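# Topology and contacts: notes
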Amino acid sequence: MKIDDVDRKILSLLTENGRISYADIGKELSLSRVAVRERVNRMEESGVIEKFSVVINSEAVGKNVSAFFEVDCEPAFLVSVAESLANNPSVASCYQMTGPSTLHMHVLVEDFASLEKFINNELYAVEGISRVESQIMLRRFKSRTGLKL
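This section reports on the structure supplied with the text. (Residues numbered from 1 in each chain as written. Predicted model: local features only at pLDDT ≥ 70, side-chain atom pairs only at ≥ 80, totals over all residues. Heavy atoms only, no water.)

Further remarks concern the pairing of strand E2 (residues 91-96). Of the pairings in the sheet, the one linking E2 to strand E3 (residues 103-109) comprises 5 bridges and is antiparallel in character. Counterpart to Tyr95 in the pairing with E3 is His104. In textbook terms, the turn of a hairpin is the stretch between consecutive antiparallel strands, and for E2 and E3 this stretch comprises 6 residues, one of which, Gly99, has a positive phi near 95°. (Pairing = 2+ DSSP bridges. Helix = DSSP H or I, 4+ residues; strand = E, 2+ residues; numbered from the N terminus.)

This is the structure in structure tokens:
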């Protein structure tokens, strides 16, 4: 599906405020509420919009430690390792990357004891992992989900 400038503006407004009403988008763009709804529905159906979600402040819900991991896997185990880690509730994101590491992960846990438990009992227990490096986030300067147009 090709998106036009109006679709881009709708996506930009939804990115800034996912709860904005179709009527308010319509006012901003000089469109009817129905026209906005049709465009949003079309972008959902074609996969341009994957889903609507809420962004939760991890510290506000007790996830005070944010760590990033570079995980090398034996090639035969790549998919099973990635699936196992992606299904872990402490793993916020997991990506296959180019370069020296096979998987890049972001993990959110309550405290350092929970991080140690995650590393020793959950990460090291996964068959096929050959190397793990970690970095602890000290401060977040910018965090964004999704793509900005």
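This next bit is on the pattern of salt bridges. Evaluation of the coordinates by the stated rule reveals 7 salt bridges. Taking the shortest distance from any N to any O, the salt bridge between Arg39 and Asp4 comes out at 3.0 Å. A residue pair is termed long-range when its members are at least 10 positions apart, and Arg39 in helix H3 (residues 33-45) and Asp4 in the segment before helix H1 (5-16) qualify at 35 residues. Look at Arg39 and you get buried, because its relative accessible area is 19%. A salt bridge links Lys27 to Asp24; its shortest N-O distance comes to 4.0 Å. With Lys27 and Asp24 both in helix H2 (residues 22-29) and 3 residues apart, the pair spans about one turn of that helix. For Asp24, a relative accessible area of 39% puts it in the partly exposed group. Look at the salt bridges and you will find they share partners, linking Asp4, Asp7, Arg39 and Arg42 into a network. (Salt bridge = Lys/Arg side-chain N within 4 Å of Asp/Glu carboxyl O. Buried < 20%, exposed > 50% of the residue type's maximum accessible area, 1.4 Å probe, protein only.)

Our next topic: the packing of H1 against H2. If you want to describe how two helices pack, look at the angle between their axes and the distance between the axes. Their axes nearest at 11 Å, the elements H1 and H2 cross at an angle of 130°. Judged by the inter-axis angle, H1 sits oblique to H2. For the crossing formed where H1 meets H2, the hand is right-handed. In contact with Val6, Lys9, Ile10, Leu13 and Leu14 of H1, H2 contributes Ile25, Glu28 and Leu29. Split by residue class, the contact of H1 with H2 holds 6 nonpolar, no polar and 2 charged. (Axes fitted to C-alpha atoms, helices over the stretch in contact; angles between N-to-C directions. Parallel < 35°, antiparallel > 145°, perpendicular 65-115°, else oblique. Left-handed = near helix turned anticlockwise from the far one by under 90°. Contact = heavy atoms within 4.5 Å. Nonpolar A, V, L, I, M, F, W, Y, C, P; charged D, E, K, R; others polar.)

Turning our attention to H1. Between its terminal C-alpha atoms H1 stretches 17 Å, which fits the 16 Å expected from 12 residues at 1.5 Å a residue. Among the residues making up H1, those that are buried are Asp7, Ile10, Leu11 and Leu14. For H1, the angular spread of buried residues about the axis comes to 100°, placing them on one side. Exposed residues lying more than 90 degrees from the buried face of H1 are Asp5 and Glu16. Against the buried residues of H1 lie H2 and H3. A distance of 3.1 Å separates the backbone nitrogen of Val6 from a side-chain oxygen at the start of H1, and that oxygen is part of Asp4. (Expected span 1.5 Å × (residues − 1). Arc of directions from axis to C-beta. Polar contact = N/O pair within 3.5 Å; in protein donor to acceptor, adjacent residues only side chain to side chain.)

Counting residues in hydrophobic clusters, the biggest one holds 20 residues, and the most contacted among them are Phe69, Val71, Leu103, Met105, Phe118 and Leu123. Of all the secondary-structure elements, those providing two or more residues to this core are strand E1 (65-73), helix H4 (78-86), E3 and helix H5 (112-123). With 5 residues, the top contributor of residues to this core is E1. When near neighbours in sequence (up to four residues on either side) are disregarded, Leu123 contacts Phe69, Val71, Leu85, Met105, Phe118, Ile129 and Val132. Among the nonpolar cores identified, the runner-up in size contains 10 residues, and Leu11, Leu14, Ile20 and Val40 belong to it. (Core = buried A, V, L, I, M, F, W, Y, C linked by side-chain atoms within 4.5 Å.)

The strand order across the open sheet formed by 4 strands is E2-E3-E1-E4, and the pairing between neighbours is antiparallel. Each edge of the open sheet is held by one strand with a lone partner, namely E2 and strand E4 (129-136). The mean inter-strand angle of the sheet, taken between neighbouring strand axes irrespective of direction, is 20°. Relative to E4, E1 is paired through 7 bridges, and the arrangement is antiparallel. Residue pairing across strands places Glu70 opposite Glu133, the latter belonging to E4. Across the face of the sheet, H5 comes into contact with E1, E2, E3 and E4 while running at roughly 20° to E1.

Function cannot be read off these values alone, since they describe shape.
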